[in-house]
Amino acid sequence: MNYWTVIPAAGQGKRMNAGISKQWIELLGKPVLAHTLDVFEKDPSCEGVVLVGSEQELKQMQQFVQTFQYTKVRQIVPGGKERQQSVYEGLKQVPEEADLVLIHDAARPFITHDSIQQLVNVASDSGSAVLAVPVKDTVKKVVRDQVEETIDRSSLWAVQTPQAFRFSIVMKAHEKADVEGFVGTDDASLVERIGETVAIVMGDYHNIKLTTSDDLLFGQAILLDRQGEKHNAHRTRF
């Protein structure tokens, strides 16, 4: 099934302490945003991308899209103060006839086509689906620097993006949240709030979000590992 993608890229990434927005930080010679957009540009099922940036960086984004020749970026629009507002502005640019829309973090450049396809397949049947991975660490509830409770992790999942929804469902959820001034932790939480069921699709532990400088080290290792896999596959083939 074909889909549209909204990519919020308006955050400043203050925890990265890089002096620039994290989507412009280079990994192996390319900006993080380029690694992210490459995945959707090369996916035949992706009909179009709406890129949401800060007002100050719109011209930079337009030049970037032209330089890298991203033909699937249909719109570049300014976002809001919060990620949720930016996503909502992006959704307003998705064609009304679109059936499925994916919402994906610009700073999560390691998503794979396989994960996207699995997500799209489930969302096309269920209406809403998110990628997630089981929590591996022990999780404790802490109050005033004291452990209050150890949480049973058997039912805990760490949610990732993309998150996929029927366009009508996610638009209704965002419109309701906007009118009522509700801010959720992710787009799925808005959809859950209007009574819709959200399915879980097994994600990939490599599908990390680049938030701190330490993440850049992991990200570079992931890219180098993938390059090594492609090189080995090429050698095996010939």
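*Asks:* Quick question: what am I supposed to make of the overall build of the protein here?
*Replies:* A tally of regular secondary structure across the protein gives seven helices and 11 strands. A globule of 238 residues ought to have a C-alpha radius of gyration of about 18 Å, and the protein, at 18 Å, matches this closely. Summarising its shape, the C-alpha atoms of the protein cover approximately 55 × 40 × 40 Å along the three principal directions. Residues classed as buried in the protein amount to 46% of the 238 residues present. When contacts within the protein are restricted to residue pairs at least 6 apart in sequence, long-range pairs at least 24 apart make up 73% of them. A total accessible area of about 12,900 Å² is found for the protein, and carbon and sulfur atoms account for 47% of it.

*Asks:* In this structure, what is going on with the packing of aromatic side chains? I would like to understand it.
*Replies:* The relative placement of two aromatic rings is captured by the distance of their centres and the angle of their planes. Scanning the model with the defined rule gives five aromatic pairs in all. Plain terms: the ring middles of Trp24 and Phe64 are 5.3 Å apart, the flat faces sit at 75 degrees to each other, and that makes the pair edge-to-face. One end of the pair, Trp24, is in the loop between strand S1 (3-9) and strand S2 (26-27); the other, Phe64, is in helix H2 (residues 58-68), with 40 residues separating them in the sequence. Residue class for Phe64 comes out buried when judged on its relative accessible area of 6%. Each residue in the set Trp24, Phe64, Phe68 and Tyr70 is aromatic and connected to the rest through ring pairs, giving one cluster. Against the face of Tyr205 rests Lys136, its NZ or CZ located 4.2 Å from the ring centre.

*Asks:* Hey, could you run me through the environment of Glu97 in this one?
*Replies:* By the secondary structure assignment, Glu97 is in the loop between helix H3 (83-91) and strand S6 (100-103). With 70 residues separating them along the chain, Glu97 and Phe167 place their C-alpha atoms 8.7 Å apart.

*Asks:* I'm lost on the pairing of strand S7 (residues 128-134) in this one. Help?
*Replies:* In the case of a regular strand, side chains alternate between the two sheet surfaces. In terms of residue burial, S7 counts as a mostly covered element, since six of its seven residues are buried. Pairing of S7 with strand S10 (residues 157-166), which is carried by six bridges, proceeds in the antiparallel orientation. Bridge pairing in S10 links Pro134 to Trp157. The pairing of S7 with strand S11 (residues 199-202) spans four bridges and is parallel. When the bridges of S11 are listed, Leu131 appears paired with Val201.

*Asks:* Mind showing me how you'd approach the side chain of Thr36 here?
*Replies:* Here Thr36 is to be found in helix H1 (residues 32-41). When residues no more than four places from it in sequence are discounted, the contact partners of Thr36 are Ile7, His104, Asp105, Ala106, Arg108 and Pro109.

*Asks:* Even after reading the chapter, I still don't get H1, so can you show me in this structure?
*Replies:* Each α-helix winds once per 3.6 residues, and so residues spaced three or four apart point in a common direction. With nine of 10 residues buried, H1 lies mostly within the body of the structure. Every buried residue of H1 is listed here: Val32, Leu33, Ala34, His35, Thr36, Leu37, Asp38, Val39 and Phe40.

*Asks:* Quick question: what am I supposed to make of the pattern of salt bridges here?
*Replies:* Side chains carrying opposite charge are able to pair once their charged atoms draw close together. Tallied over the full model, the rule gives eight salt bridges. We note a salt bridge from Arg83 to Asp187, for which the minimum N-O separation is 2.9 Å. On the criterion of sequence distance, the pair formed by Arg83 in helix H3 and Asp187 in helix H6 (residues 187-193) is long-range, its members being 104 residues apart. Two residues, Glu180 and Lys176, come together in a salt bridge whose shortest N-O distance is 2.8 Å. One end of the pair is Glu180 and the other is Lys176, both in helix H5 (residues 167-180) and four residues apart, which spans about a single turn. Because the salt bridges share partners, they merge into one network encompassing Arg83, Asp105, Arg108 and Asp187.

Cut-offs applied
Residues numbered from 1 in each chain as written. Predicted model: local features only at pLDDT ≥ 70, side-chain atom pairs only at ≥ 80, totals over all residues. Heavy atoms only, no water. Helix = DSSP H or I, 4+ residues; strand = E, 2+ residues; numbered from the N terminus. Rg over C-alpha atoms; globule rule 2.2 N^0.38 Å. Buried < 20%, exposed > 50% of the residue type's maximum accessible area, 1.4 Å probe, protein only. Contact = heavy atoms within 4.5 Å. Areas by Shrake-Rupley, 256 points an atom, 1.4 Å probe, with all protein chains shown as cover. Phe/Tyr/Trp six-rings, centres within 6.5 Å; stacked < 30°, edge-to-face > 60°. Lys NZ or Arg CZ within 6 Å of the ring centre and 35° of its normal. Pairing = 2+ DSSP bridges. Salt bridge = Lys/Arg side-chain N within 4 Å of Asp/Glu carboxyl O.

Nothing here speaks to function; it is all geometry.
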